[in-house]
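Listed below, chain by chain, are the residues.
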Amino acid sequence: MIDWSHWHNEPWLIGGLVIWGWLWAVAAGPWRGRLAPGTPFPLGCAVRFYLGLLSFYLAVGSPLDQVAERFLFSAHMLQHQLLIYPAAILVLLGVPSWLIDPLLAPRVVH
């Protein structure tokens, strides 16, 4: 029987999402003065990043996960689609360019 009220709250899942959200907030907030002086707070990026984290949690933490593990292969594939399309794309679009550019600057990357 499917328990539609079961949402995953494992420490690794919730903790990982909280840590990623916190790291983004610190980089775009207090550290922004050192990483990108004079740049305003990227509100649009924040919305996209946190929506990406939310869609990740909906894919792996919602009752959809239980249905996907126990009953329906189509639900499992829906999980993959949620992880590939909205979650990954929103997280990538939610990272400001000034946060990624220093990582891509070394010649080794080119």
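Described below are features of the structure shown in this document. From a predicted model like this one, the values you see are computed outputs, not experimental measurements.

This part is about the environment of proline 30. One can find proline 30 in the loop between α1 (11-28) and α2 (32-35). Taking the C-alpha atoms as reference, proline 30 lies 16 Å from valine 95; in sequence the two are 65 residues apart.

In this section: the nonpolar core. Leu13, Leu17, Trp24, Ala28, Ala36, Cys45, Ala46, Phe49, Leu53, Tyr57 and Trp98 together form the largest nonpolar core, which totals eleven residues. Ranked by the residues each element gives to this core, the list is headed by helix α3 (residues 43-61), at five residues. Beyond its immediate chain neighbours, meaning those up to four positions away, alanine 46 contacts Trp24 and Phe41.

Helix packing for two helices is described by the angle between their axes and how far apart those axes are. Contact pair α3 / helix α5 (residues 73-93): the axes reach a minimum separation of 7 Å and the direction vectors enclose 160°. As summarised for this structure, α3 and α5 are arranged roughly antiparallel, according to the angle between their axes. The crossing of α3 and α5 is left-handed. Of the residues in α5, those touching α3 at Cys45, Arg48, Phe49, Leu51, Gly52, Leu53, Ser55, Phe56, Ala59 and Val60 are Gln79, Leu82, Leu83, Pro86, Ala87, Leu90, Val91 and Leu93.

As a further point, take the packing of aromatic side chains. This model, assessed by the stated rule, comprises five aromatic pairs. Taking 6.0 Å as the distance between ring centres and 85° as the angle between the ring planes, the aromatic pair formed by tryptophan 24 and phenylalanine 41 counts as edge-to-face. Taken together, the residues span a long stretch of sequence, with tryptophan 24 in helix α1 and phenylalanine 41 in the loop between α2 and α3 at a distance of 17 residues. A centroid spacing of 5.7 Å and a plane angle of 20° characterise the contact between tryptophan 24 and phenylalanine 49, whose relative ring orientation is stacked. Taken together, the residues span a long stretch of sequence, with tryptophan 24 in helix α1 and phenylalanine 49 in helix α3 at a distance of 25 residues. In this structure, tryptophan 24 and phenylalanine 49 share a single accessibility class: buried. Members of the aromatic cluster, each reached through a chain of ring pairs, are Trp24, Phe41, Phe49 and Tyr50.

Parameters and conventions
- Residues numbered from 1 in each chain as written.
- Predicted model: local features only at pLDDT ≥ 70, side-chain atom pairs only at ≥ 80, totals over all residues.
- Heavy atoms only, no water.
- Helix = DSSP H or I, 4+ residues; strand = E, 2+ residues; numbered from the N terminus.
- Core = buried A, V, L, I, M, F, W, Y, C linked by side-chain atoms within 4.5 Å.
- Buried < 20%, exposed > 50% of the residue type's maximum accessible area, 1.4 Å probe, protein only.
- Contact = heavy atoms within 4.5 Å.
- Axes fitted to C-alpha atoms, helices over the stretch in contact; angles between N-to-C directions.
- Parallel < 35°, antiparallel > 145°, perpendicular 65-115°, else oblique.
- Left-handed = near helix turned anticlockwise from the far one by under 90°.
- Phe/Tyr/Trp six-rings, centres within 6.5 Å; stacked < 30°, edge-to-face > 60°.

Interpretation note: all reported values are geometric properties and have no functional meaning in isolation.
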